[in-house]
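# Structural features, examined
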Amino acid sequence: MALDEESPLVDQIQPEYQTFNHARDIHILSWAFLLIFLAYGAAQNLQSTINTDGDLGTISLGILYTSFTVSSLFASTVVRKLGSKNALLLGTTGYWLYIAANLKPSWYTMVPASLYLGFAAAILWVGEGTYLTSTARSQANDHKLHEGTVIGHFNGEFWGIFAGHQLVGNLLTLALLKDGAEGSTSGTTLLFTVFLGSMTLGTVLMAFLRKRDGEKTEGEGDSSLGFYNLLASLWNQIITPLCDKRLLLIVPLIAFSGLQQAFVWAEFTKYYVQPSLGESGVGGAMAVYGVFDAICSLAAGRFTSGLTSITLIVSGGAFLQGGILIWLLNYSEPTGVLRTLYPLLIAAIWGIGDGVLMTQLNALLAMLFKHNMEGTFAQLKLWQSASIAVVFFLSPYISLQSMLFLMLAALLLSLAGFLFLVLKVEKIFSNRDS
């Protein structure tokens, strides 16, 4: 049976009757995430260098993303019950607790904080995808705009501002964290205290978001779900979407988006940046990564209007990342000015690739799966977090070259699945979208 015969490409849009400018909520959402993740992103980059006792930092990240993966199985149900705004507020508590645990890092603080953050992160990110898509759809309906264009612009703004967390957070790290064998404790305490302040501001800002009128914040049906109803809800949100061949073809690309992020955090900084630039240079390289990620996200969002533009942008980003992976397979330690330039250049190109993947994946899912936003974005975070956990757990046991071959194979597989999807549905999608 043909792929386009099995499931409709574009679901019917439910009418909205609000008349205000919904872009205001995207501005608030974007800046709130920047304030929260400038702290978490920088803390995550530091785990392998500041919490080294028994590989506490790396193992805690593996636990975190394993919890994230498992929690993604029921995150959509929680978001449906709470509503996306309340889910966003609940999700921020896990990040706050994780940063607080880093003030007194030990197995007794970091492991519980990582487990809870995995749950909270799943709730937060499913809530984010649901809230942003609902807001974009309301904006398009109220102002008679092209829905695909609004979704692309809103995703571009969100991911562009969000990507700035790598720049701001790592500049704070450079300014406050001191180099030295034993002299960084006070700097670390000050840094994480500042991070807690930033997260608190982000949470307060998020409280000013408007609730989406189209959401059923008190749940669907009976407010006291029984065990049978809970299982049915999980089945509908997690298993049913995987029966859609469109999503199955996108899953490899989703997984690769997680792999490439984890590779930058766990492998690139360790094997390419630190040997050339030192520990203090990791923050600088990640700041460059964040700048180009932000610029690319904003630009890609502006150019996104439908499946054709998404195809061109994703293909270009895949070509860049494939080229970098081949370069890294043949990489030799440079000398002179190139010793500084090469890691920064690779970080910049990798930031472009990440900006492409994050904006286009979210826009693509929002366009194709309007009927089940919570379940779809739960799938996005499920496969992303699972692939990130795989990198953190595999990293100590396989060679760098093996990891690079794994990344290259994943990229080729994901691009093939994506292009197959495009060949099957682009014509119908373009006709319905026009």
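Residues numbered from 1 in each chain as written. Predicted model: local features only at pLDDT ≥ 70, side-chain atom pairs only at ≥ 80, totals over all residues. Heavy atoms only, no water.

If you check an unreviewed UniProt entry, the protein appears there as UNC93-like protein 3 from Tagetes erecta. Its UniProt record, at the heading Subcellular location (unreviewed entry), says of the protein: "Membrane". (UniProt positions renumbered as here; feature names shortened; annotations may be inferred.)

## Regarding the overall build of the protein
Looking only at helices and strands, the protein has 14 helices and 0 strands in total. Mapped from its N terminus to its C terminus, the protein presents α and β elements in the order α-α-α-α-α-α-α-α-α-α-α-α-α-α. For the protein, the proportion of its 434 residues judged to be buried stands at 56%. Summarising the internal contacts of the protein: among those between residues at least 6 apart in sequence, 86% fall at separations of at least 24. (Helix = DSSP H or I, 4+ residues; strand = E, 2+ residues; numbered from the N terminus. Buried < 20%, exposed > 50% of the residue type's maximum accessible area, 1.4 Å probe, protein only. Contact = heavy atoms within 4.5 Å.)

## Focus: the environment of Y289
Here Y289 is to be found in helix α10 (residues 279-303). Other than its neighbours up to four places away in sequence, Y289 contacts Q166, V264, A347, W350, G351 and D354.

## Quick look at a nonpolar patch on the surface
On the surface, a nonpolar cluster with roughly 340 Å² of combined accessible area is contributed by V337, L338, L341 and L345. The class for L345 is partly exposed, based on a relative accessible area of 37%. (Patch = residues over 30% accessible without salt bridge, like charges linked within 9 Å, V, L, I, M, F, W, Y side chains within 5 Å. Areas by Shrake-Rupley, 256 points an atom, 1.4 Å probe, with all protein chains shown as cover. Salt bridge = Lys/Arg side-chain N within 4 Å of Asp/Glu carboxyl O.)

## Things to note about empty space enclosed by the protein
Empty space among the atoms becomes apparent when a probe as large as a water molecule is rolled across them. Tallied over the full model, the rule gives 3 cavities of 30 Å³ or more. Considered as a void within the structure, the largest cavity measures approximately 370 Å³ in volume. If you go around the largest cavity, you meet 26 residues; those closest to its centre are F37, W125, F162, Q261 and W265. Ranked by the residues each element gives to the lining of the largest cavity, the list is headed by helix α6 (residues 147-176), at 5 residues. Partitioned by chemical class, the residues of the lining of the largest cavity number 15 nonpolar, 8 polar and 3 charged. Computed from the structure, the second largest cavity encloses a volume of approximately 40 Å³. Lining the second largest cavity, in full, are W125, E128, G129, W159, N362, F377, L380 and K381. Secondary-structure elements contributing two or more residues to the lining of the second largest cavity are α5 (107-142) and α13 (373-394). (1 Å grid on protein atoms, 1.4 Å probe; cavity = no way out; pocket = protein on both sides within 12 Å on 5 of 7 lines; lining within 4 Å. Points joined across faces, edges and corners; volume = space filled by probe spheres on them. Nonpolar A, V, L, I, M, F, W, Y, C, P; charged D, E, K, R; others polar.)

## Here's the deal with the pattern of salt bridges
Under the criterion given, the structure shown has 4 salt bridges. Between R24 and D25 there is a salt bridge, and its shortest N-O distance comes to 2.8 Å. Look at R24 and you get partly exposed, because its relative accessible area is 32%. The class for D25 is buried, based on a relative accessible area of 0%. Between R210 and D25 there is a salt bridge, and its shortest N-O distance comes to 3.2 Å. Placement of the pair is R210 in the loop between α7 (185-206) and α8 (227-239) and D25 in helix α2 (residues 23-50), with a sequence separation of 185 residues. Residue class for R210 comes out partly exposed when judged on its relative accessible area of 26%. Each member of the salt-bridge network shares a partner with another, and the members are R24, D25 and R210.

## Thoughts on the packing of helix α12 (residues 338-368) against α13
How two helices sit against one another is set out by the angle between their axes and by the gap between those axes. Orientation of α12 relative to α13, taken along the N-to-C sense of each, is 145°, at an axis distance of 10 Å. As α12 packs across α13, the resulting crossing turns out to be right-handed. Taking contact as the criterion, the partners of M358, L361, N362, L365 and A366 in α12 are, on α13, T376, F377, L380 and Q384. Along the lines of polarity and charge, the residues of the contact of α12 with α13 split into 6 nonpolar, 3 polar and no charged. (Axes fitted to C-alpha atoms, helices over the stretch in contact; angles between N-to-C directions. Left-handed = near helix turned anticlockwise from the far one by under 90°.)

## What to know about the packing of helix α3 (residues 56-82) against helix α4 (residues 84-101)
The contact between α3 and α4 brings their axes to 11 Å, and the two run at 160°. Relative to α4, the element α3 is oriented roughly antiparallel. When you trace α3 past α4, the crossing you get is right-handed. Seen from α3, the contacting residues are S60, L61, L64, V79 and L82; seen from α4, they are S84, N86, A87, L90 and Y98. Considered class by class, the residues forming the contact of α3 with α4 number 7 nonpolar, 3 polar and no charged. (Parallel < 35°, antiparallel > 145°, perpendicular 65-115°, else oblique.)

## Remarks on the side chain of D354
Here D354 lies in helix α12. Buried and unpaired, D354 has no salt bridge, with K381 as the nearest side chain of opposite charge at 9.5 Å. The residues touching D354, leaving out its near neighbours within four places in the chain, are Q260, Q261, Y289, D293 and Q321. (Lys, Arg positive; Asp, Glu negative; His and termini not counted.)

## A short note on the side chain of S387
Tracing the sequence through the fold places S387 in helix α13. A residue is classified by how much of its surface remains accessible, and S387, at 7% relative accessible area, is buried. In terms of polar contacts, S387 uses its side chain to reach the backbone carbonyl oxygen of W383, at 3.1 Å. Within polar-contact distance, the side chain of S387 engages the backbone oxygen of Q384 at 2.8 Å. Residues contacting S387, with those up to four places away along its chain left out, are A255, G258 and L259. (Polar contact = N/O pair within 3.5 Å; in protein donor to acceptor, adjacent residues only side chain to side chain.)

## A look at the packing of aromatic side chains
Evaluated as defined, the whole model comprises 27 aromatic pairs. Consider the rings of Y65 and F392, whose centres lie 5.9 Å apart with planes at 25°: the pair is stacked. Placement of Y65 in helix α3 and of F392 in helix α13 is noted, with a sequence separation of 327 residues between them. A relative accessible area of 5% means that F392 is categorised as buried. Both rings, one in W125 and one in F158, keep their centres 6.5 Å apart while their planes meet at 85°; by these two values the pair is edge-to-face. Here the residue W125 occupies a position in helix α5, and F158 occupies one in helix α6, the gap between them amounting to 33 residues. Classification of W125 as buried rests on a relative accessible area of 7%. Following the ring pairs from residue to residue traces out a cluster consisting of F33, F37, Y40, Y95, Y98, W125, F158, W159 and F162. (Phe/Tyr/Trp six-rings, centres within 6.5 Å; stacked < 30°, edge-to-face > 60°.)

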